[in-house]
Number of protein chains: 2
Amino acid sequence: MSNKEYNINQEQLARFAKAMGHPTRIAILQFLAKQTTCYFGDINEELPIAKATVSQHLKELKNSGLIHGEVEPPKVRYCINREMWDMACTMFKDFFANIQHNDSCDCK
Amino acid sequence: MSNKEYNINQEQLARFAKAMGHPTRIAILQFLAKQTTCYFGDINEELPIAKATVSQHLKELKNSGLIHGEVEPPKVRYCINREMWDMACTMFKDFFANIQHNDSCDCK
DNA sequence: TTTGTTGTTCGCAAAATTACGAACAATATT
DNA sequence: AATATTGTTCGTAATTTTGCGAACAACAAA
């Protein structure tokens, strides 16, 4: 057993991926990335699920760092967190780029 | 409520992301992408978990389409599925690229 | 102060995920 | 035929995820 643990990069990439691992959350992120509007109510309107559930998904996205939210009474504004977005973008890009291009794998 | 459903792209991206949403599976994918070797035993050796669990993770990765496996008695060879890998790569790239670059979002 | 609007949190239920050891299956080897 | 090697599957347990309605909290307006 060479290493037996996961490194920070693997953990972080997995965290991002996990946050993106649900259609609702992809939809939310795409909606926010378009920035038609940022309010909870508008996000909720786009989705086929209860607002309590939307709120939970938003919480998870916040925990992943990909978005952040702030209260603007009486509403709540959610936005893409640019820094983390760019970081995730880079990490996924590097992840997918890091593949051997020879044919040493002789699977069909 | 505008749409009320998720489109194929959102579902597919979420499926890829979900498959990648665990450090073990990221580690497996990175290991296979490096292609030092493709056999179950070698993958298993790299990971700090029981082989039954490794087998399960490999099954999920197969279900996502990102890898495929074939029996080569007495071993089992696992490989990155190039087509799906490239597809995922493109989908993540497009996803992250599709963000507004003006400052219409006035979050701090 | 009462009412309305906007979201979050709580409590619960169902389903999925993660993990393990033991048992099993498939194939070589002796 | 008996044995060894390699992985998968089974059964189980603990935890997490997903989803909802109801209750609640915060604030604005009447």
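What you see is a predicted model, and the numbers here were worked out from it, not measured in a lab.

**Q** Would you mind showing me how to read the interface of chain A and chain B here?
**A** Interfaces are often sized by the accessible area lost when the parts come together. Each partner contributes residues to the interface: chain A has 52 residues there, and chain B has 51 residues. Summed over both partners, the interface of chain A with chain B comes to about 4,800 Å²; 61% of that surface belongs to carbon and sulfur atoms. Sorting the residues of chain A by area buried against chain B places Tyr6(A), Phe95(A) and Phe96(A) first, and these three jointly supply 15% of that buried surface. Inspection of the chain A/chain B interface yields zero salt bridges. Where the side of chain A that touches chain B is concerned, the elements lending two or more residues are helix H1 (8–19), helix H2 (23–34), helix H3 (40–46), strand S1 (67–72), strand S2 (75–80) and helix H5 (82–97) of chain A. Sorting elements by how many residues they give to the side of chain A that touches chain B places H2(A) first, with eight residues. Of the residues belonging to the side of chain A that touches chain B, the class tally is 26 nonpolar, 14 polar and twelve charged.

**Q** What should I look at first to understand the pairing of strand S2 (residues 75–80) of chain B in this one?
**A** In regular strands, side chains alternate between the two faces of the sheet. Residue and element names in this part refer to chain B. Alignment of strand S1 (residues 67–72) against S2, held across six bridges, turns out to be antiparallel. In the sheet register, histidine 68 faces S2, and the bridge partner there is cysteine 79. Here S1 folds back onto S2 in antiparallel fashion, the turn holding two residues.

**Q** Whenever I open this one, the pattern of salt bridges confuses me. Can you help?
**A** Note on pairing: side chains with opposite charge can pair once their charged atoms come close. The full count for this structure, using the stated rule, is four salt bridges over all chains. Arg77(A) is paired through a salt bridge with Glu72(A); the nearest N and O atoms lie 2.8 Å apart. Here Arg77(A) falls in the buried class, since its relative accessible area comes to 9%. For the salt bridge of Glu60(B) with Arg25(B), the shortest nitrogen-to-oxygen distance reads 3.4 Å. Of this pair, Glu60(B) sits in helix H4 (residues 51–64) while Arg25(B) sits in helix H2 (residues 23–34), and the two are 35 residues apart along the sequence. Residue classification places Arg25(B) among the buried positions, given a relative accessible area of 7%.

**Q** Help me out: how do you make sense of H5(A) in this one?
**A** Every α-helix winds through 3.6 residues per turn, so residues three or four apart in the chain are directed the same way. Residues and elements named next belong to chain A. Spanning 16 residues, H5 covers 22 Å between terminal C-alpha atoms, matching the ideal 22 Å at 1.5 Å per step. Every buried residue belonging to H5 is among Trp85, Ala88, Met91, Phe92, Phe95 and Phe96, and all of these are buried. Projection of H5 onto a plane perpendicular to its axis shows the buried side chains occupying an angular sector of 130 degrees, all on one side. Of the exposed residues in H5, the ones pointing more than 90 degrees away from its buried face are Glu83, Lys93 and Ala97.

**Q** What should I look at first to understand the protein's contact with DNA strand C in this one?
**A** In the vicinity of DNA strand C lie 22 residues, with Ser55(A), Tyr78(A), Lys18(B), Ala50(B) and His57(B) positioned nearest. Here, DNA strand C places atoms within 4 Å of the protein, and 74% of those atoms are sugar or phosphate. Thr53(B) is positioned such that a nitrogen or oxygen atom in its side chain is 3.1 Å from a phosphate oxygen of DNA strand C. Every element with two or more residues in the surface near DNA strand C is listed here: H3, helix H4 (51–64) and S2 of chain A together with H4 of chain B. Considered class by class, the residues forming the surface near DNA strand C number ten nonpolar, six polar and six charged.

**Q** What am I meant to see in the protein's contact with DNA strand D here?
**A** Lining the immediate surroundings of DNA strand D are 22 residues, of which Lys18(A), Ala50(A), His57(A), Ser55(B) and Tyr78(B) lie closest. Atoms of DNA strand D within 4 Å of the protein: sugar and phosphate make up 74%, bases the balance. Here a phosphate oxygen of DNA strand D and a side-chain polar atom of Lys18(A) are 2.6 Å apart. Within the residue set of the surface near DNA strand D, elements represented by two or more residues are H4 of chain A together with helix H3 (40–46), H4 and S2 of chain B. For the surface near DNA strand D, the per-class residue count stands at ten nonpolar, six polar and six charged.

Calculation notes
- Each chain has its residues counted from 1, following the order in which its sequence is written.
- Chains and ligands are labelled by the order in which they are written, letters from A for the one and numbers from 1 for the other.
- Two thresholds apply to this predicted model, a pLDDT of at least 70 for residue-level local features and 80 or more for giving and counting side-chain atom pairs, whereas whole-chain, interface and lining totals are computed over all residues.
- Derived side-chain values reflect all non-hydrogen atoms in the structure, with water molecules and hydrogen atoms excluded from consideration.
- Should any heavy atoms of two residues lie within 4.5 Å, those residues are counted as being in contact.
- Note on definitions: buried area is the accessible-area loss of two parts on being combined, 1.4 Å probe, summed for both.
- Criterion for a salt bridge: a side-chain nitrogen of Lys or Arg within 4 Å of a carboxyl oxygen of Asp or Glu.
- Helix and strand assignments come from DSSP, with helices taken as H or I runs of at least 4 residues and strands as E runs of at least 2, each series counted from the N terminus.
- Nonpolar residues are Ala, Val, Leu, Ile, Met, Phe, Trp, Tyr, Cys and Pro. Charged residues are Asp, Glu, Lys and Arg, and all others, Gly as well, are polar.
- Any two strands with at least two DSSP bridges between them are considered paired.
- Burial classes: relative accessible area under 20% of the type maximum marks a residue as buried, over 50% as exposed, and values in between as partly exposed (1.4 Å probe, protein chains only).
- Expected span, for any helix, means 1.5 Å times one less than how many residues it has.
- Note that the arc is defined by the directions from the helix axis to the C-beta atoms.
- Residues are classed as near a molecule or strand on a simple rule: at least one heavy atom within 4 Å of it.
- Contacts described as polar in this section are N or O atom pairs within 3.5 Å, which, within protein, must combine one atom able to donate a hydrogen with one able to accept it, while residues neighboring in sequence count only if both atoms come from side chains.

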